[in-house]
Amino acid sequence: MMMFMLIAEDARKDSKDLLNEMNASRKKEAAQREAIAQMKKQADSLKKRLQTAYKKELLPFTIQLSEKQDKLKQISATEKETAN
C-alpha cells in the first residue's frame, strides 16, 4: 500500500513539474511574440522616418529637375516653331 502512495505522489509531482514547465514555456512564447510585435513597430517607424527624410532630401532636386524639364520643353517648342 505504501508503495502505491509513493508512486501516486511521484506522479503528482511529475505532473506539477510538467505543468510548471508548460506555463513557463507559454510565458516565454508570449514574451517573444510581444518583443517581435514591438520590433515590427520600431521597424515600421524607422521605415517611415527614412522615407520622409528621403522625400525631403529629394524634393529640391525634384523641383530643379522639373524646372529644367519645363525649360527643355519650351526650347524644343520654340525650335519646332522656328523650323516651320
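The shown structure was predicted, so the numbers you read here are calculated from the model rather than taken from an experiment. (Residues numbered from 1 in each chain as written. Predicted model: local features only at pLDDT ≥ 70, side-chain atom pairs only at ≥ 80, totals over all residues. Heavy atoms only, no water.)

## Some points on the overall build of the protein
- Within the protein, the secondary structure is distributed over one helix and zero strands.
- Here the C-alpha atoms of the protein give a radius of gyration of 35 Å, more than 25% beyond the 12 Å that 2.2 N^0.38 yields for 84 residues.
- Looking at the 84 residues of the protein, the share that counts as buried comes to 0%.
- When the accessible surface of the protein is totalled, it reaches about 8500 Å², and 60% of it is carbon and sulfur. (Helix = DSSP H or I, 4+ residues; strand = E, 2+ residues; numbered from the N terminus. Rg over C-alpha atoms; globule rule 2.2 N^0.38 Å. Buried < 20%, exposed > 50% of the residue type's maximum accessible area, 1.4 Å probe, protein only. Areas by Shrake-Rupley, 256 points an atom, 1.4 Å probe, with all protein chains shown as cover.)

## With respect to the pattern of salt bridges
- Under the criterion given, the structure shown has one salt bridge.
- Of the charged contacts in the structure, one is a salt bridge between Lys13 and Glu9, with a shortest N-O distance of 3.7 Å. Of the two residues, Lys13 and Glu9 both sit in helix H1 (residues 2-83), four residues apart, roughly one turn of that helix.
- Residue Lys13 is classed as partly exposed on the basis of its relative accessible area, which comes to 48%. (Salt bridge = Lys/Arg side-chain N within 4 Å of Asp/Glu carboxyl O.)

## Re H1
- Taking 1.5 Å of rise per residue, the 82 residues of H1 would be expected to cover 122 Å, and the 115 Å separating its terminal C-alpha atoms lies within 8% of that figure.
- The principal kink in H1, of about 35°, is found at Leu59, preceding the proline Pro60 by one to four residues. (Expected span 1.5 Å × (residues − 1). Bend = angle between axes of the 7 residues up to and from the residue.)

## So, a negative patch on the surface
- A cluster of acidic side chains, namely Asp10, Asp14, Asp17 and Glu21, defines a negative patch on the protein surface.
- Mapped onto the elements of the fold, Glu21 is located in helix H1. (Patch = residues over 30% accessible without salt bridge, like charges linked within 9 Å, V, L, I, M, F, W, Y side chains within 5 Å. Lys, Arg positive; Asp, Glu negative; His and termini not counted. Charge placed at Lys NZ, Arg CZ, Asp CG, Glu CD.)

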